[in-house]
Amino acid sequence: MDHLQEFHPRRALSLPVVEGIGWQLKQYAILADGRDFDDRIAAAAATEALKRLPTAGSLIDGAGNHGVGFQIVHFAEVAVVSPVFYWQWGSVLASIEQMRAPWETPTAFGNGVKEVVGCVWEMEVVCFEVEAWKTTLLTEVGTPEQRLARYLERRFA
């Protein structure tokens, strides 16, 4: 059963924060064996994510999104897969529909499988980001802007 192979960690890279149209997204890359990082692909994924995200809200808006989130660009075996997550209502993690680009056209992102949240390698990043949000934003240490700066500095990898 090839789909139940022994788990092996994949190389993860912390990329610069993507900023645009009011959004701040931490960006990460995950590299499957035999796959190399490509700046063009990461940039295309960021551009597509910004097109798909809802209008950015404010960090102090408790009724909407906070204009803050993270994106994973997974250079996987069969395609480039890119889940995008964002924070809203203080403690809720939301996501846009998964983005996917075939290796034949790796900068042309369409929709991935609708019900998929992410694979085990992507979920490691998600778990890290949830913990980072809890321990930086959901505290009383500093102003909201100071807490956001600490959150954006905490990086997986």
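First, a word on what this report is: a plain description of the structure on this page. Source: prediction; values computed, not measured. (Residues numbered from 1 in each chain as written. Predicted model: local features only at pLDDT ≥ 70, side-chain atom pairs only at ≥ 80, totals over all residues. Heavy atoms only, no water.)

Observations concerning the pattern of salt bridges
- Counted under the stated rule, the structure contains six salt bridges.
- Here Glu-77 ties to Arg-10 by a salt bridge, and the two come within 2.4 Å at their closest N and O atoms. Note that Glu-77 is positioned in the loop between strand E3 (65–75) and strand E4 (79–82) and Arg-10 in the segment before strand E1 (11–20), a separation of 67 residues in sequence.
- A relative accessible area of 44% places Glu-77 in the partly exposed class.
- Relative accessible area serves as the criterion here: at 17%, Arg-10 is assigned to the buried category.
- A cluster of three or more residues bridged by salt bridges with shared partners is formed by Glu-48, Lys-51 and Arg-52. (Salt bridge = Lys/Arg side-chain N within 4 Å of Asp/Glu carboxyl O. Helix = DSSP H or I, 4+ residues; strand = E, 2+ residues; numbered from the N terminus. Buried < 20%, exposed > 50% of the residue type's maximum accessible area, 1.4 Å probe, protein only.)

Concerning helix H1 (residues 39–52)
- Compared with the 20 Å implied by 1.5 Å per residue over 14 residues, the 20 Å span of H1 between its first and last C-alpha is a close match.
- Of all the residues in H1, the buried ones are Ile-41, Ala-42, Ala-44, Ala-45, Ala-46, Glu-48, Ala-49 and Leu-50.
- Buried-residue contacts for H1 involve E1, strand E2 (23–31), E3, E4, strand E5 (84–88) and strand E7 (99–102). (Expected span 1.5 Å × (residues − 1). Contact = heavy atoms within 4.5 Å.)

Quick look at the environment of Trp-23
- Among the secondary structure elements, Trp-23 is positioned in strand E2.
- Among the residues examined, Trp-23 registers a relative accessible area of 1% and is labelled buried.
- Residues Trp-23 and Leu-53, spaced 30 residues apart in sequence, show a C-alpha to C-alpha distance of 8.7 Å.
- Those residues in contact with Trp-23, other than ones at most four positions away along the chain, are Val-18, Leu-50, Leu-53, Pro-54, Thr-55, Ala-56, Asn-65, Gly-67, Val-68 and Tyr-86.
- Of note is the side chain of Trp-23, whose polar atom sits 2.9 Å from the backbone oxygen of Pro-54. (Polar contact = N/O pair within 3.5 Å; in protein donor to acceptor, adjacent residues only side chain to side chain.)

Focus on the pairing of E2
- Burial analysis of E2 places eight of its nine residues in the buried class, which makes it a mostly covered element.
- Relative to E2, E1 runs antiparallel, the two sharing eight bridges. Directly across from Arg-11, in E2, lies its bridge partner Leu-31.
- Hairpin remark: E1 followed by E2, antiparallel, with two residues in the connecting loop; positive phi at Ile-21, about 40°.
- In terms of strand pairing, E2 meets E3 through eight bridges, oriented parallel. Within the sheet, the bridge partner assigned to Leu-25 lies in E3 and is Gly-69.
- Handedness of the crossover joining E2 and E3 through H1 is recorded here as left-handed. (Pairing = 2+ DSSP bridges. Right-handed = clockwise from strand over helix to strand, strands pointing away.)

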